[in-house]
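Reading the structure
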Amino acid sequence: MALGTATGAIKVFGKPGVEFYGQHQNPTAVTKLIFLPSQGRVVSLCDNNSLHLWEINNALVEVKFQALEGKLKKISTICVESSKKHLLLGTEGGNIYLLDLATFTMTPDIIYQDVVMQNVPEDYKLNPGAVESIEEQPGKPSNILIGYNRGLMILWNKSSNTAIKTFIANQQLESVSWLENGETFFTSHNDGSYMKWDIEDSDKQLLTTPYGPFPCRTIPKILAREQKGKQLIVFAGGLARATYSDKYTVSVMHGDDHHVCFDFTSKVIDFVLIDSKPQNQDSSMENLVNGGNIGQKAEPEALIVLAEEELVAIDLECKEWKMMCLPYLVSLHASAVTCSQYVSGVPEELWGILKEAGRAQTSHLYSNKIWPIDGGDLLCLKGSKTRRELLLTGHEDGTVRFWNAGGVTLTPLYKFSSSSFFVGDALEEVSPDAEDMEEEWPPFRKTGIFDPYSDDPRFAVKKIIMCPLSGTMVIAGTAGQVLIAKFDTEVLEEPLKVTTMNIVNDRDGFVWKGHSQLTPKSEDIRQNRGFQCTSFLQLYPPAAVTCCALQADWGLVAAGTAHGVALFDYVKNKAVMVKCTLNPNDLTGAGDAPISRRKSFKKSLRESFRRLRKGRSQRRSNNPQSNTVASPVSPAVRRLPTTDDIVETKPIERQIEARPTDDAMGSFVRCLYFARTFLINMQNTNPTLWAGTNNGTVYAFTITVPGTGKRESEDVVCQLAKEIQLKHRAPVIAIAVLDGSNKPLPEPLEVEKGVAPLPDTTQAHRVVIASEEQFKIFTMPNLKPYCKYKLTAHEGARVRRMNFATFNGHHPDYKDYSEIDLLCLTNLGDCLILTIPDLKRQLNAAAIRREDINGISSLVFTKNAEALYLHSSSELQRISLSTTFSTHARCFLTIPKGARDGAIEDVAEAQENLSVENLDLEEAVLVNGNTEVKNNSLTDKAK
């Protein structure tokens, strides 16, 4: 199956894991795609009237190009001959041109409209319009049915250049489809009607307006086939114009027995029918092509519909015509994505029962049919293991979706809905009776999963955290709601345990003027096996949760908002601590007078001019006096320095202005972090909580967690231990603690479960504080500065994300060499790699366009130095910063012998062609752009 996009991309999909991608040089929209059966070739037509020939050779590669110039040569339809020698190109001017597929050049043979019109009634000779359709007659490859825009159709013999039959429709023609017998064809028209024609008797025609009698919309495409001895007709549109102008539908009619009007939530772009595969037929290019069983009797088994926002497959062999589970191209944005988290190392037991719980959620909605598009083969690599990795996406409608992200394809596993725990304003939908369903006309059926509407904007998920080792998940929302859910295999039926924490309880006179909080259900709530909400925390004021942290080993959750921090014990469902970060009487940097939060425009303008003058005077004073005479040429031209001129200089740093102390956004809590480290002294490690705010303040709290035996009886105690104020008051993006061997502390329960070794406590720990402007490392417990990396001063960028990743490779002195480095994403879309603890830059790679704000804000790093971000609202892009680890399609396509020169004809050849890819990637070194294999070692330069 091939898809073309509006940006010029072509994507070819076969069996799950078989994916080939191509991109036109000019990002113009792809308007038509057509396979050349059994050759592994695709022809694309672009919006600029250019034709491109693509071949699958381990990748989708453009090999030839052809363009038609002139308004009358604008291509309106394409048909490939069954002999695969020519491509018939119908144009707006009415002529049909032949493209030689062997050379991909135009032939001198042209089917002129004037010649075709010789035996046509006079009324239609004047202007029959553009060529709307060209279809080869089944069983007679020399005959083609030419359909013109105004309704004229001619059965034309290419060999003798004569018209065999003429058919005239009274309405504008939209599309044509033959039945397999080659004696009957169907046409669709712009008035919402379709007609059935008999080639033996042009007067014998049957006109049907399925959704008349009132004026109807166009039927842009129709397909007609035989299935189980009856006619199967599929068409788009055709609904009554006045009543259903806002609906997007594809209707399927099977004889007089079965009629369904599939109703989609986004515009229908195209649809195809997939034929059943005859027995004993191998997976080949013919199966990759829609209806690729040439010359064999096959019946439609599936309908694939491409809508503007999703791809939907319908099982036409099952009685109910259910949807099919998609192995790829599942709508990521069924509801708009609002946040995401990547989870690695999911235990095998949790993975298995999570998949079972997900299947139980959808078993009644989907067909069990095996995915019918099964072309291509996967390349099996030695030592490759199945990766149990999850991508969690939070959505606008309050759902959290679990995706299998361990391979090339992204497939849904499970869905958790947080909105089901709240009382909604909307009335619950009442399922209609079977009698009402039968009487409804047209017979609509809601199809697809894309649903852009949310019942309540407060449902939107802002933060997700999951601990795979304990099976615990935290979902935080827009109205201050924090749900703690645990995975269980038994059904739970009990009321919700609700706890409210007031963050501003020590601020007298505070008035919340935002939205109200959600109302949780008071009755018993039945929760099926899977993730079940065991605790519910409501923060006041009910502002959106800006950050969240989970410590499953201690049974604690911390949540931050624009007003402060709350620490919650979900084991006892008890509030532990609140810290309000609102500070209206901040006196720092303002003498004795408190600074008002409402700064006047005049004062702001005055301060801006002062900073401007101050910056100019400093630049003038910093410029050394030059003895050279100013050159009249461009400032870019400079005198080359001599050895006398060269002196040791520091790298140029941009001047960073301190941010105002009265910033109204300064109270926002930007990050939270749990760690057991040396905060008080070097003798003992303590459980701690770290919080960073928008005005550059870091709060460090000590936590006393009772032992296992006293956990239920004694309370958790938390108190503020230290406070750090960054000089320039830049927002604190992330905080992390390094152990004595300069490795990040393990995640909760990783040591207990044997996933990670014990952290090094023999030497001092260090804390990494990442602000928007720089990375700074302090030695614990005295918080003595160790080193820093000034990102904004050096690069002119700001920090947006920070994480740590493991890089593996070969080293001459170590058998299994690996190192942990710091990853950073900037607001310019660049990804940096810094060593720890000395913060030396290893890489600065442009990953995302700086204009793509949504892509930058959605990026999540993985532990293996990969990253995922929203390439568009509906598409995820995966990138890798490691030379030894990347997730990409390893697949190939075998072509029948002699079908195409240079094609892969067996699996052994594919393995040989992909041998470079099979090498351990750490053994391949890029030297001057060429791949060079080293003997398990890297040169100093290559390292």
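Here is what the cut-offs are and how they apply
Residues numbered from 1 in each chain as written. Predicted model: local features only at pLDDT ≥ 70, side-chain atom pairs only at ≥ 80, totals over all residues. Heavy atoms only, no water. UniProt positions renumbered as here; feature names shortened; annotations may be inferred. Pairing = 2+ DSSP bridges. Helix = DSSP H or I, 4+ residues; strand = E, 2+ residues; numbered from the N terminus. Axes fitted to C-alpha atoms, helices over the stretch in contact; angles between N-to-C directions. Buried < 20%, exposed > 50% of the residue type's maximum accessible area, 1.4 Å probe, protein only. Contact = heavy atoms within 4.5 Å.

As annotated in an unreviewed UniProt entry, the chain carries the name Lethal giant larvae homologue 2 domain-containing protein and comes from Cryptolaemus montrouzieri. Regarding the chain, the relevant UniProt record gives this comment under Sequence similarities (unreviewed entry): "Belongs to the WD repeat L(2)GL family."

**Looking at the sheet that holds strand β51 (residues 766-771)**
Strands sit in the order β50-β51-β52-β53 across an open sheet of 4 strands; the sheet is antiparallel. At either end of the open sheet lies a strand with only one pairing partner, and these are β50 (732-738) and β53 (784-790). Strand-to-strand twist in this sheet, taken as the mean axis angle between neighbours without regard to direction, amounts to 15°. Across 5 bridges, the pairing between β51 and strand β52 (residues 774-779) is antiparallel. Bridge pairing in β52 links Ile769 to Lys776.

**Brief notes about the pairing of strand β6 (residues 50-56)**
Of all 7 residues making up β6, 7 are buried, and the element is well covered by its neighbours. Here β6 shows two buried faces, one formed by Ser50, His52, Trp54 and Ile56 and the other by Leu51, Leu53 and Glu55. One ladder, built from 5 bridges, connects strand β5 (residues 41-46) with β6; its direction is antiparallel. The partner of Val42 across the bridge, within β6, is Trp54. The antiparallel pairing of β5 with β6 creates a hairpin that spans 3 residues between the two strands, and Asn49 there sits at a positive phi of about 70°. As defined by bridge partners, β6 adjoins strand β7 (residues 60-67) across 7 bridges and the pair is classed as antiparallel.

**Points about the sheet that holds strand β28 (residues 337-343)**
Strand pairing in a sheet is mediated by backbone hydrogen bonds. Such pairs are either parallel or antiparallel. A sheet is described by the order of its strands in space; here 4 strands give the open sequence β28-β31-β32-β33, paired in antiparallel fashion. Whereas interior strands pair on both sides, the edge strands pair on one side only; in this sheet they are β28 and β33 (411-417). Across the sheet, the mean angle from the axis of one strand to that of its neighbour is 20°, orientation sign disregarded. Where β28 meets strand β31 (residues 390-395), 6 bridges bridge the pair, whose relative direction is antiparallel. Residue Tyr342 lies in a different strand from β31, and its bridge partner there is Leu391. Across the face of the sheet, helix α4 (residues 348-362) comes into contact with β31, β32 (399-404) and β33 while running at roughly 75° to β33.

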